[in-house]
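Residues per chain are reported as follows:
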Amino acid sequence: MPQSPPLTGLRVLEFAGLAPGPFAGLLLADWGASVLRIDRAVAGAHTNNPPPPTSDLLTRHKSSIAVDIKSKAGISLILSLIPNVDILIDPFRPGVLEKAGLSPEKVLLKLNPRLIVARMTGFRRDGKYASMAGHDINYLAVSGVLSQLGRKHDTPYPPANVLGDFGGGGLVCFLGIVMAVLQRQSSGMGQVVEANMVDGAAYLGVMPRFARKTPVWDRPRGENLLDGGCPYYDTYECRDGGFMAVGALEPQFFAQLLKGLGIRASDLPGKREDRSTWPALRDLFTATFKSKSRAEWEKIFDDTDACCTPVLTQDELEDNGYDQRPIVTLKDSPGKAISEGDADTRPVCEGQGIGVEGNGWQSKGLAPGVGGEEVLARWMGWRRGRQYDVVGGGVVKLDTGSKL
C-alpha cells in the first residue's frame, strides 16, 4: 500500500479566481491537501438546489463555501477560519485583500503566524503595470518571452495561456507554496509567497534568453534552431491533413529521418548545418511528407530514432483512452488519481484513491457551496445554526457567545 499523498493534512483556503490561482489549488488538492474554495455569495448556494457550477473547471478534489467578502459577517467567518488553516491563495489584483480587511501582514499572519499566504498576480506587484488589468498575452509580452515566439515575418504568437497562466503562474505559485511549507518545518513560521506571471514566464524562458548570445538563438524570431527556423526541427503536413513533428537535431537522428523519408544524402541541397540551404531543405521535406498519410509515416517512424512523431490531437487521445496522470510520479506516496476508477486498482503512476468523473478529459466544475459545510465540520467542528448560518446565499459567522 502506498503512503498518503505528501500534502495530506494541509488545509487550504482558495479565493475563487481565474486560471493561475485555481491551478495552484488544483495541484495542492491533487497532492492531498484539503482545499476549500471561497466563492461569491449567490442565491441558492448551500441549499438542496444549488446554482449552476461556476466557469472554473479546475475544481478536482475541492469543496466550496459561498461568502460575501464585502460583508462584515462574511469577513468575520473568514477570520475565524484563519487560525485553523495552513495556506491561503489570493488571486486578486493588488489591494483587494487589504480593502476587505484581510491584509496578510497586518491581519492574517498576526492571527496565524504559521499561515502561508500565496499571492498570485499577473504583472509584478511592484512594477510599472501593477495597477493595470491584463491577461496571459500581456504578461508574456512584458516578460520578453512573447517576442521570441512565432514564425519568421509574422507577428509574435501566444501559446494559448499555457506558458503564462499555468506554467509561469499557477505552477510557479505552487512551487512557492511548497518551498514555504518546507521552510516552515524548520522555522515554525509562515510567510507571504509573491508570485506573478511576468517573472514566472521570464524564468521559464531562461534557456532561449541565455541562448541569444549563442548560435542557437542569435537570430530574429523564427530563424533559429528551436523556434521553427530549422527545417529538421519543425512540423509538416501529411497527405490526409495530419501532421508529423520532426526533431532530428543530432546527425545520427537526422540520418534516420532521411532513411525513413526515402531521401538520399545526394538529394540534399547542401550540408544541413548551412543555413542557406534551409529553405530548399524545408521545401524537400514539405513535399515528401505530403506524399503519404500520417498513419503511413507513423508506421515508418515508430520504433526508430528519427525523432519523428505524429502530432496527436486531444480528441484522438481521448477517443483512444489515453490515461491522464498526476504531474509527476512519487512511487512511495503518489498523488490522488485524476481519472475514473476504484481505489487501489490502478498502477502507481496513475495516482491513488477513488478517481474523479471525466477521466481527466472534462470537468463539470463546482457549484458555490457544494461540499463546503462538510469541510467546516471536519476542520472546525462547526454546525449550521451554531457557529455559522447562511444568509443571502453566503455563509456568515454567528455570535457563538449566545449559540454555544
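Residues numbered from 1 in each chain as written. Predicted model: local features only at pLDDT ≥ 70, side-chain atom pairs only at ≥ 80, totals over all residues. Heavy atoms only, no water.

- Where an unreviewed UniProt entry is consulted, the protein appears under the name CoA-transferase family III, with the organism given as Aureobasidium namibiae CBS 147.97.
- Its UniProt record, at the heading Sequence similarities (unreviewed entry), says of the protein: "Belongs to the CoA-transferase III family." (UniProt positions renumbered as here; feature names shortened; annotations may be inferred.)

## Focus on the pairing of strand β5 (residues 116–121)
Okay, so step 1: Summarising burial for β5: six of the six residues are buried, a large majority.
Okay, so step 2: Of the pairings in the sheet, the one linking strand β4 (residues 87–90) to β5 comprises four bridges and is parallel in character. Considered in β5, the bridge of Ile 89 is made with Ala 118.
Okay, so step 3: In this sheet, strand β6 (residues 191–196) lies alongside β5 in parallel orientation, the contact comprising six bridges. Each bridged residue has a counterpart across the sheet, and for Ile 116 the counterpart in β6 is Gln 191. (Buried < 20%, exposed > 50% of the residue type's maximum accessible area, 1.4 Å probe, protein only. Helix = DSSP H or I, 4+ residues; strand = E, 2+ residues; numbered from the N terminus. Pairing = 2+ DSSP bridges.)

## A closer look at the side chain of Thr 277
Okay, so step 1: Relative to the helices and strands, Thr 277 resides in the loop between α9 (251–261) and α10 (278–289).
Okay, so step 2: By relative accessible area, Thr 277 is classed as buried at 7%.
Okay, so step 3: Only 2.7 Å separates the side chain of Thr 277 from the backbone oxygen of Asp 274, close enough to count as a polar contact.
Okay, so step 4: Aside from chain neighbours lying at most four places away, what touches Thr 277 is Pro 269, Gly 270, Lys 271 and Arg 272. (Polar contact = N/O pair within 3.5 Å; in protein donor to acceptor, adjacent residues only side chain to side chain. Contact = heavy atoms within 4.5 Å.)

## A short note on helix α7 (residues 197–204)
Okay, so step 1: Looking at α7, one finds that the buried residues are Met 197, Val 198, Gly 200, Ala 201 and Ala 202.
Okay, so step 2: Buried residues along α7 sit against α1 (20–30), β5, α5 (136–143), α6 (162–187), β6 and α8 (206–211).
Okay, so step 3: A distance of 3.1 Å separates the backbone nitrogen of Val 198 from a side-chain oxygen at the start of α7, and that oxygen is part of Asn 196.

## What about the domain arrangement of the protein?
Okay, so step 1: Split into domains, the protein comes out as domain 1 (11–205 + 371–397) and domain 2 (233–320).
Okay, so step 2: One C-alpha centre belongs to domain 1, the other to domain 2; they are set 43 Å apart. (Domains from an automatic or database assignment.)

## Focus: a nonpolar patch on the surface
Okay, so step 1: Taken together, the side chains of Leu 171, Ile 327, Val 328 and Leu 330 present a nonpolar region at the surface, about 320 Å² in accessible area.
Okay, so step 2: Summarising the element assignment, Ile 327 is placed in the loop between α12 (314–319) and α13 (372–380). (Patch = residues over 30% accessible without salt bridge, like charges linked within 9 Å, V, L, I, M, F, W, Y side chains within 5 Å. Areas by Shrake-Rupley, 256 points an atom, 1.4 Å probe, with all protein chains shown as cover. Salt bridge = Lys/Arg side-chain N within 4 Å of Asp/Glu carboxyl O.)

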